[in-house]
Structures are given as C-alpha cells and as structure tokens.
Amino acid sequence: MIYDKNNIFAKILRKEIPCKKIFENEHVLSFHDINPQKKIHAIVIPKGKYVDLDDFNQRATDKEIVALSKAITEVAKILSISAGTDKGYRALTNLNEHGGQEVPHLHFHLFGGEIVGKMVE
Ligand code: AMP
C-alpha cells in the first residue's frame, strides 16, 4: 500500500473531519472507531505518515515507536479495559490486502468491554 495523504485518518489528524477523541500527545492520537465492532472499540494512530506497522518499524524514530506502544496502554487505562486492573482487551493491527487493512495509515484497534471472541474467523 502507498500512503494516501487524503486517507480518513490523515483528515482526522488535520482536523478536517471530527473524531471522538480519547487521548492525544505529541506523537499519538486515539479516538473511538466510527463503526464499533465491540462495546469498546478504540483506534490508536501515530501522527506521522506511516502506512502500516512494517513501514512504521522501518522508518519511525525510537521516540515515535515508544510513544505509540505506551499510548496503547494509556488508552486502555483511560477506557478501563487494562489487563492488570480491569478485564483486558485485544490490540490488533491489519497490514495490507491479506491483513484486511482498509485505511492506509497505521492504526491499532483496541477491542474490549466484553469478551472479544475468536481471534480469527
Ligand atoms: P482497517 O480495516 O484495519 O483499516 O480499519 C479501519 C477502521 O477505521 C474501521 O474499523 C472503520 O470503522 C474505522 N473508521 C473509518 N472511518 C472512521 C472515522 N471517520 N472515524 C473513526 N473510525 C473510522
């Protein structure tokens, strides 16, 4: 996949379209998925232009990589789905065609608030 600067998450980052924000810092934005697949369905994205996790791990700075990883745990805490203190969640990211990726800007899905179910259908 190539990075399309007009993808929906790029537009959210540029504030051209709204989102239901959960968390934001210098490197990361998190918001509720517009079409939730579970009771809680959050999206966590880096602010940099990375198409998927492989692209991110190859080109992002260590600071960006650490920030994204820590943000997932922070968002889980905010949503009360942490593994340690709450009932846990699933974090996943889709890559390209076989992974079922639709939006070409790296994003992690966080599913929780109920038993998430089978890992792969
Ligand atoms: P993926 O198939 O992994 O690329 O997931 C894309 C996700 O983006 C889907 O779960 C969509 O529901 C979600 N999505 C699409 N547009 C928006 C939007 N404007 N705000 C929040 N989530 C969105």
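Above this text sits the structure in question.
I will try to describe carefully the structure that is included in this document. In every chain, residue numbers begin from 1 and rise along the written sequence. Only residues with pLDDT of at least 70 get local features here, since the model is predicted, and only at 80 or more are side-chain atom pairs given and counted; chain-wide, interface and lining totals rely on the full set of residues. Only heavy atoms go into the side-chain values, all of them from the structure, while hydrogens and water stay out.

Brief notes about helix α3 (residues 62-78)
Here is step 1 of the chain: Over its 17 residues, α3 runs 24 Å from end to end, which matches the ideal 24 Å to within 8%, given 1.5 Å per residue.
Here is step 2 of the chain: Those residues of α3 lying buried are E64, A67, L68, A71, I72, V75 and A76.
Here is step 3 of the chain: Close packing links the buried residues of α3 with β1 (21-24), β2 (28-32), β3 (40-46), α2 (53-59), β4 (89-92) and β5 (108-112). Elements are defined by DSSP. Helices are runs of H or I of four residues or more, strands are runs of E of two residues or more, and each kind is numbered from the N terminus. A helix's residues, less one, multiplied by 1.5 Å, set its expected span. Here's how the labels work: a residue is buried when its accessible area is under 20% of the maximum for its type, exposed when over 50%, partly exposed in between, all with a 1.4 Å probe on protein chains only. Whether two residues touch is decided by their heavy atoms; if any such pair falls within 4.5 Å, the residues are in contact.

Comments concerning the site of the ligand
Here is step 1 of the chain: The full set close to the ligand counts 16 residues, and D33, N94, E102, H107 and H109 are the nearest of them.
Here is step 2 of the chain: In the analysis that follows, any N or O atom pair within 3.5 Å is treated as a polar contact, provided that within protein one partner can donate a hydrogen and the other can accept it, and provided that, for residues neighboring in sequence, both atoms belong to side chains. Separating an oxygen atom of the ligand from a backbone N or O atom of G100 is a distance of 3.2 Å.
Here is step 3 of the chain: For the ligand, an oxygen atom lies 2.9 Å from a polar atom in the backbone of V103.
Here is step 4 of the chain: The set of elements that each furnish at least two residues to the shell around the ligand consists of α1 (8-13) and β2.
Here is step 5 of the chain: When the residues that make up the shell around the ligand are grouped by side-chain class, the tally is 6 nonpolar, 8 polar and 2 charged. For this purpose, a residue is taken to be near a molecule or strand whenever a single non-hydrogen atom of the residue falls within 4 Å of it. When residues are sorted by character, Ala, Val, Leu, Ile, Met, Phe, Trp, Tyr, Cys and Pro go into the nonpolar class, Asp, Glu, Lys and Arg into the charged class, and all the rest, Gly among them, into the polar class.

Bear in mind that shape data such as this cannot, by itself, settle questions of function.
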